[in-house]
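# Inside the fold
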Amino acid sequence: MKILVTGGAGFIGSAVIRHLISETQHSVVNVDCLTYAGNLSTLDQVSSNPRYVFEKVNICDSVAVQNVFEQHRPDAVMHLAAESHVDRSIDGPSAFIQTNVVGTYIMLEASRRHWQSLPFQQQGAFRFHHISTDEVYGSLGDEGLFTEQTPYDPSSPYSASKAASDHLVRAWNRTYGLPTVLTNCSNNYGPFQYPEKLIPLTITSALAGKPLPVYGKGENIRDWLYVDDHARALVVVLERGRIGETYNIGGNSERKNIDVVRTICALMDEANQDSNHRPHEKLITFVKDRPGHDHRYAIDASKIRQDLGWSPAETFESGLKKTVHWYLANKEWCDQAVAGRYSGERLGLKG
Ligand code: DAU
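Residues numbered from 1 in each chain as written. Predicted model: local features only at pLDDT ≥ 70, side-chain atom pairs only at ≥ 80, totals over all residues. Heavy atoms only, no water.

## A word on the layout of surface pockets
So the rule is basically this: Think of a 1 Å grid over the protein atoms and nothing else: a 1.4 Å probe that fits but is trapped marks a cavity, an open set flanked by protein within 12 Å on at least five of seven lines marks a pocket, and residues with an atom within 4 Å of a point count as lining. Grid points are joined across faces, edges and corners, and a volume is the space filled by probe spheres set on the points. Only DSSP runs of H or I with at least four residues qualify as helices, and only runs of E with at least two residues qualify as strands; both kinds are numbered from the N terminus onward. Only Asp, Glu, Lys and Arg are considered charged in this grouping, and only Ala, Val, Leu, Ile, Met, Phe, Trp, Tyr, Cys and Pro are considered nonpolar; every other residue, Gly among them, is considered polar.
One number sums up the size of the second largest pocket: a volume of about 230 Å³. Contributing to the lining of the second largest pocket are 14 residues, with Thr204, Ser205, Lys210, Asp335 and Val338 lying nearest its centre. The set of elements that each furnish at least two residues to the lining of the second largest pocket consists of helix 7 (198–208) and helix 12 (331–338). The dominant element in the lining of the second largest pocket, judged by the number of residues it contributes, is helix 7, at 5 residues. Grouping the amino acids of the lining of the second largest pocket by side-chain chemistry returns 7 nonpolar, 4 polar and 3 charged.

## Observations regarding the site of the ligand
To keep things clear, this is the line we draw: Whether a residue is near a molecule or strand is decided by its heavy atoms; if any one of them lies within 4 Å of it, the residue is near. N or O atoms closer than or at 3.5 Å make up a polar contact, with two conditions inside protein: a donor-capable atom paired with an acceptor-capable one, and, for residues adjacent in sequence, both atoms drawn from side chains. For the accessible areas, the method is Shrake-Rupley and the probe is 1.4 Å, while residue cover comes only from the protein chains on display.
Looking at the ligand, there are 23 residues lining it, with Asp134, Glu135, Tyr158, Arg290 and His293 nearest. Interatomic distance of 2.6 Å between a side-chain N/O atom of Glu135 and an oxygen atom of the ligand. Measuring from an oxygen atom of the ligand, one finds a side-chain N or O atom of Arg222 at 2.8 Å. For the ligand, whose unbound accessible area comes to 690 Å², protein coverage reaches 95%. Considering every element that reaches the shell around the ligand, the biggest residue donor is strand 8 (residues 212–215), with 3 residues. Residue composition of the shell around the ligand, grouped by class: 9 nonpolar, 8 polar and 6 charged.

## Side note on the sheet that holds strand 7 (residues 187–189)
The cut-off we apply is this: For two strands to be treated as a pair, DSSP must find at least two bridges joining them. Axis geometry follows a simple rule: fit a line to the C-alpha atoms, using only the stretch in contact for helices, then measure angles between N-to-C directions, giving values from 0 to 180 degrees. Whether two residues touch is decided by their heavy atoms; if any such pair falls within 4.5 Å, the residues are in contact.
With mixed pairing, the 3 strands of this open sheet are ordered in space as 7-9-11. In this open sheet, the two strands that pair with only one neighbour each are strand 7 and strand 11 (254–256). Going from strand to strand, the sheet's axes swing by 50° on average, the running direction of each strand aside. Most of the contacts of helix 9 (residues 257–271) go to strand 11, to which it runs at about 85°, and overall it touches strand 9 (221–226) and strand 11.

## Quick notes on the packing of aromatic side chains
As a reminder, the rule being used: Here a Phe, Tyr or Trp ring, Trp counted by its six-membered ring, pairs with any other such ring whose centre lies within 6.5 Å, and the pair is stacked when the planes are under 30 degrees apart, edge-to-face when over 60, and tilted otherwise. Consider the ring centre and the ring normal. A charge sits over the ring if Lys NZ or Arg CZ is within 6 Å of that centre and within 35 degrees of that normal.
A full pass over the atoms with the stated rule returns 16 aromatic pairs. What links up through ring pairs into an aromatic cluster is the set Tyr137, Phe146, Tyr152 and Tyr297. Over the aromatic face of Tyr176 sits the side chain of Arg112, whose NZ or CZ is 3.8 Å from the ring centroid. Sitting above the plane of the Tyr247 ring, Lys303 keeps its charged end 4.8 Å from the centroid.

## A short note on helix 2 (residues 62–72)
Put simply, the test is: Buried residues are those whose accessible area, probed at 1.4 Å on protein chains only, stays under 20% of the maximum for their type, while exposed residues exceed 50% and partly exposed ones sit between those limits.
For helix 2, the complete set of buried residues consists of Ala64, Val65, Gln66, Val68, Phe69 and His72. Elements in contact with the buried residues of helix 2: strand 1 (2–6), strand 2 (27–32), strand 3 (52–56), strand 4 (76–79) and helix 4 (94–117). Arg73, located one to two residues past helix 2, shows a positive phi value of around 45°.

## Section: empty space enclosed by the protein
Gaps left between atoms are located by rolling a probe of water-molecule size over the structure's atoms. Considering all chains together, one arrives at 2 cavities of 30 Å³ or more under this definition. Roughly 40 Å³ of internal volume is contained in the largest cavity. In terms of lining residues, the largest cavity is bounded by Ala9, Gly10, Phe11, Ala37, Asn39, Thr42, Phe192, Tyr194, Trp333 and Ala337. When the residues that make up the lining of the largest cavity are grouped by side-chain class, the tally is 7 nonpolar, 3 polar and no charged. Reported here for the second largest cavity is a volume of approximately 30 Å³. In terms of lining residues, the second largest cavity is bounded by Val169, Arg170, Thr180, Val181, Leu182, Gly244, Glu245 and Thr246. Listing elements by their share of the lining of the second largest cavity, those giving two or more residues are helix 6 (157–176) and strand 6 (180–185). Among the elements that make up the lining of the second largest cavity, the one with the highest residue count is strand 6 (3 residues).

The following block contains the structure:
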C-alpha cells in the first residue's frame, strides 16, 4: 500500500514512518511543513529507503495538497499533522484552529476527490485514518475510563480543535461515504519527543540542572503510552480497522504527574552518578496550575485489544527507562531541536 502520512516529521508521525518502512512493505509519502516541532532528522534511519518520499507541504495549502494527491495517488491517508501542545494552544489558539480544523477539512476534501476518482475496487480499499487524542473526552474524576462511547467534552483550545476535526471526519464518512477510521490515544512518550511536553522537558531540564516545573500539586493523572506501541496500533487499525469505527489506544499506565517526575529524577540519579545535580528531585518546583487543567485521563483499550489483537509491549517502567537513556545519549539532537525556538520557558499562562 502507498500511504500518505501527514505530520511525518513530528514525534508520533515519525515513529509511524520508521515502523512502516522498517517493519512492513508499505511505501510512504511524508507530507509535513516542518513547523517548530517538525524535524527530518527523526527519519534519518529510513529516509534513503526507496519506499520513502518527502513532500514539504502545509496541509492548509489546498492547491499543494491536491498536487500531492495527483502526483502520488495514495491507497490510504494517515492524518497525524496537528498542533499538539495544550499550553501553546492557551497562548495562541489560532494556529490550532488553522492546522487542526481547517487542515483536516482540506485533507478530507482532497481525499474525497481522490477517492471518488479511483476505480471501484480501489475505492473499497481506500482508508482515511484520522489520528486524534483522548483529550476530546474532557476530564475524568477519580473513577472510570474513557470508552469510544464517552461523550465529547474538550477543555482546551487544543482539545476543542481536535474534537472539531473528529466530528468532520465522522461527517465525511456518514455524508459522503469516505472510508474513515479514527483513533483516540492517551499521552505518548518516547524518543524524539519535542522537549516541551512533561517527560522530555523534565529529562532535559534535569540534565541541565534547571527547575522541574510541576503544575499545581502534581496530582493530575495521565495514562502513558510508549510511542512505538502507538505506532504499531495505528498500523493495525489502518490495515484491519472497520470503516466508520473509532478505536481508543492507551498504555494502561496511569500515573500522577508528580510520580512521573520523581521516577525520572530517580532514573537520572542512577544513570548520571557523577552529576552535580543529584539528587535531581531537589529541582522539582511546584508552579501555578494550567488554566482548565484536566484532572485525569485513562483509556479503556479493550475494543482494539479484542477486535484487532493489539496490546502495548512496554510497561511504563521499561518505556520510561528507555526514554531517559535515549535523551541522555541524544543531547545534541535535543539541543538542535530547540535551538532558537524554545528555551524551556513556561507556556500557557497568557489566558
Ligand atoms: O492525552 C493525549 C494528549 O497528551 C495529546 O493529545 C497532547 O498532544 C499531548 O500534548 C498530551 O497532552 P498533556 O497536556 O497531557 O501533555 P503535557 O506533556 O503538556 O502535560 C502532561 C501533564 O503534565 C499535564 O497534566 C500537565 C503537566 N505538566 C506539563 C508540563 C509541560 C507539568 O506539570 N509541568 C510541565 O512543565
